[in-house]
Amino acid sequence: MGSLPFSIEFFPPKTPEALARLRETRERLVRLSPRYFSVTLGAGGSARDGTLDVAVEIHKKGYEAAPHLTCIGTSRESIRDRLREYQSLGIRHLVALRGDLPSPYGELGDFRYASELVAFVRAETGDWFHVDVAAYPEVHPQATSPQDDLKYFINKVKAGADTAITQYFYNPDAYFHFVDAVQRAGVFIPIVPGIMPITNYSSLVRFSDTCGADIPRWIRLRLDSYGDDTVSIKAFGLEVVTALCERLREGGAPGFHFYSLNQAAMVEALCANLRLAG
Ligand code: FAD
């Protein structure tokens, strides 16, 4: 089974100590030759500068950086400024997202959906950026129906997205079914599975409930049965996620996007199991 390209996601650290740890993580992970590092952004602009700083440092070190850009709660002017800034720094890859909706009292801003952001990026900057968008094999939690969600995903591609990264999932059939449906609609961009390593049961359950990712019953029960035994949770998690990636690779996935949670060990272990390191 051949090797596949992969990318790695970071989030901007909140303290100087966490930033120092992220630098160590990054230097360990560059040895695996990921195609690029993406950097998340808190919706509403709160963490905008953290994203910029982390992405610029990655870029200056000579690695490809893909900062995430969310549009909900923002203005056209602020997005235009950020695009110009990234262009002037030589950054050429973005992950374009709506972001999570603000509280009922928050401002929605000039954009409603990621498709509008993608169209704006293309109108402002042409082909300068490689644009990734999000995809949801298990359906976005606020979608009015799976069919609508698929239609809106295709809108993002038609607006100018080059590739997509999925929300994480543990059921490969959801991914294959989604890719089939997109291709049946005549759309053939690479849809890269987002891979969430399993290291902590309670935080995985909490996060999965909010983002609409399903943890199959047999995985939940096994993880729950380990209680506080983190060694067993990690060992089982590695086995499950390795098998998931193998199925995805056999089924034709174009690569992997690892949600690192700013930790190197699980990504290293997965790459070793899958013989991905370049
Ligand atoms: P959209 O594609 O705009 O879709 C949002 C919802 O609106 C969906 O339910 C869709 O069906 C519906 N919809 C779309 N278009 C229309 C329309 N024209 N009319 C009616 N309904 C419509 N969040 C962050 O805050 N920061 C990040 O850095 C971040 N990174 C992410 C990275 C990845 C790979 C993924 C998968 C998610 C990420 N998220 C991030 C989460 C994301 O912001 C949320 O899932 C958000 O709720 C939706 O963003 P989107 O870009 O998918 O939105």
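Residues numbered from 1 in each chain as written. Predicted model: local features only at pLDDT ≥ 70, side-chain atom pairs only at ≥ 80, totals over all residues. Heavy atoms only, no water.

Undergrad: Mind showing me how you'd approach the overall build of the protein here?
TA: Along the backbone of the protein there are 10 helices and nine strands. Since a compact globule built from 278 residues should have a radius of gyration of about 19 Å, the 18 Å found for the protein is in line with a globular shape. Seen through its principal axes, the protein has C-alpha atoms that stretch 50 × 45 × 45 Å. Taken over 278 residues, the protein has a buried fraction of 49%. Considering only intrachain contacts with a sequence separation of at least 6, the fraction spanning at least 24 residues in the protein is 78%. In the structure as shown, the protein presents an accessible area of about 13,400 Å², 51% of it carried by carbon and sulfur atoms. Charged side chains in the protein number 30 positive and 33 negative. The centres of these two groups are separated by 2 Å. (Helix = DSSP H or I, 4+ residues; strand = E, 2+ residues; numbered from the N terminus. Rg over C-alpha atoms; globule rule 2.2 N^0.38 Å. Buried < 20%, exposed > 50% of the residue type's maximum accessible area, 1.4 Å probe, protein only. Contact = heavy atoms within 4.5 Å. Areas by Shrake-Rupley, 256 points an atom, 1.4 Å probe, with all protein chains shown as cover. Lys, Arg positive; Asp, Glu negative; His and termini not counted. Charge placed at Lys NZ, Arg CZ, Asp CG, Glu CD.)

Undergrad: Quick question: what am I supposed to make of the pairing of strand 9 (residues 256-259) here?
TA: Burial of strand 9 is two-sided: the residues Phe-256 and Phe-258 facing one way and the residues His-257 and Tyr-259 facing the other way are all buried. Across four bridges, strand 1 (residues 6-10) lies against strand 9 in parallel orientation. Each residue of the ladder has a partner; that of Ile-8, found in strand 9, is Phe-258. By the bridge criterion, two bridges tie strand 8 (residues 194-195) to strand 9 in an arrangement that is parallel. Across the sheet, the residue bridging to Gly-194 is His-257, located in strand 9. (Pairing = 2+ DSSP bridges.)

Undergrad: I keep staring at the pairing of strand 4 (residues 93-97) and nothing clicks. Help me out?
TA: The buried count for strand 4 comes to five of five residues, which makes it a mostly enclosed element. By the alternation rule, side chains of strand 4 split into His-93, Val-95 and Leu-97 and Leu-94 and Ala-96, which are all buried. Sheet analysis places strand 3 (residues 65-70) next to strand 4, joined by three bridges and oriented parallel. Following the sheet pairing, His-68 is matched in strand 4 by Val-95. With helix 3 (residues 76-89) bridging strand 3 and its parallel neighbour strand 4, the resulting β-α-β unit is right-handed. (Right-handed = clockwise from strand over helix to strand, strands pointing away.)

Undergrad: Explain the sheet that holds strand 4 to me, please; I cannot follow it from the model alone.
TA: Here we have nine strands laid out as an open sheet, ordered 7-6-5-4-3-2-1-9-8, and parallel in their pairing. Taken across any chain shown, the strands that pair with only one partner, and hence form the sheet edges, are strand 7 (191-192) and strand 8. Of the pairings in the sheet, the one linking strand 1 to strand 2 (residues 37-39) comprises three bridges and is parallel in character. Bridge assignment links Ile-8 to a residue of strand 2, and that residue is Phe-37. Relative to strand 3, helix 3 is tilted by about 175°, and along the sheet it contacts strand 3 and strand 4. Of the strands in this sheet, strand 1, strand 8 and strand 9 are in contact with helix 10 (residues 265-274), which crosses strand 9 at around 150°. (Axes fitted to C-alpha atoms, helices over the stretch in contact; angles between N-to-C directions.)

Undergrad: Before we go on, may I ask you to explain the packing of helix 6 (residues 172-184) against helix 9 (residues 230-250) in this structure?
TA: The relative placement of two packed helices is expressed as an angle between their axes plus a distance between the axes. Running from N to C, helix 6 and helix 9 cross one another at 25°; their axes reach a closest spacing of 10 Å. Judged on the interaxial angle alone, helix 9 and helix 6 are roughly parallel. As for how helix 6 packs across helix 9, the hand of that crossing is right-handed. In contact with Pro-172, Asp-173, Tyr-175 and Phe-176 of helix 6, helix 9 contributes Leu-244, Arg-247 and Leu-248. Each residue belonging to the contact of helix 6 with helix 9 can be placed in one class, and the counts come to five nonpolar, no polar and two charged. (Parallel < 35°, antiparallel > 145°, perpendicular 65-115°, else oblique. Left-handed = near helix turned anticlockwise from the far one by under 90°. Nonpolar A, V, L, I, M, F, W, Y, C, P; charged D, E, K, R; others polar.)

Undergrad: Would you take a moment to explain the layout of surface pockets for this structure?
TA: Rolled over the atoms, a probe with the dimensions of a water molecule shows which regions are left empty. When its volume is computed, the largest pocket comes out at roughly 1,600 Å³. Taken together, 49 residues line the largest pocket, and the ones lying closest to its centre are Leu-97, Gly-99, Asp-100, Tyr-136 and Gln-167. Take the lining of the largest pocket: its biggest share by element is five residues, from helix 5 (residues 146-158). Looking at the lining of the largest pocket, its residues break down into 28 nonpolar, 15 polar and six charged. Volume-wise, the second largest pocket comes out at about 360 Å³. If you go around the second largest pocket, you meet 16 residues; those closest to its centre are Pro-197, Thr-199, Asn-200, Ser-203 and Leu-261. When residues of the lining of the second largest pocket are traced back to their parent elements, those giving at least two are helix 7 (201-211) and helix 10. (1 Å grid on protein atoms, 1.4 Å probe; cavity = no way out; pocket = protein on both sides within 12 Å on 5 of 7 lines; lining within 4 Å. Points joined across faces, edges and corners; volume = space filled by probe spheres on them.)

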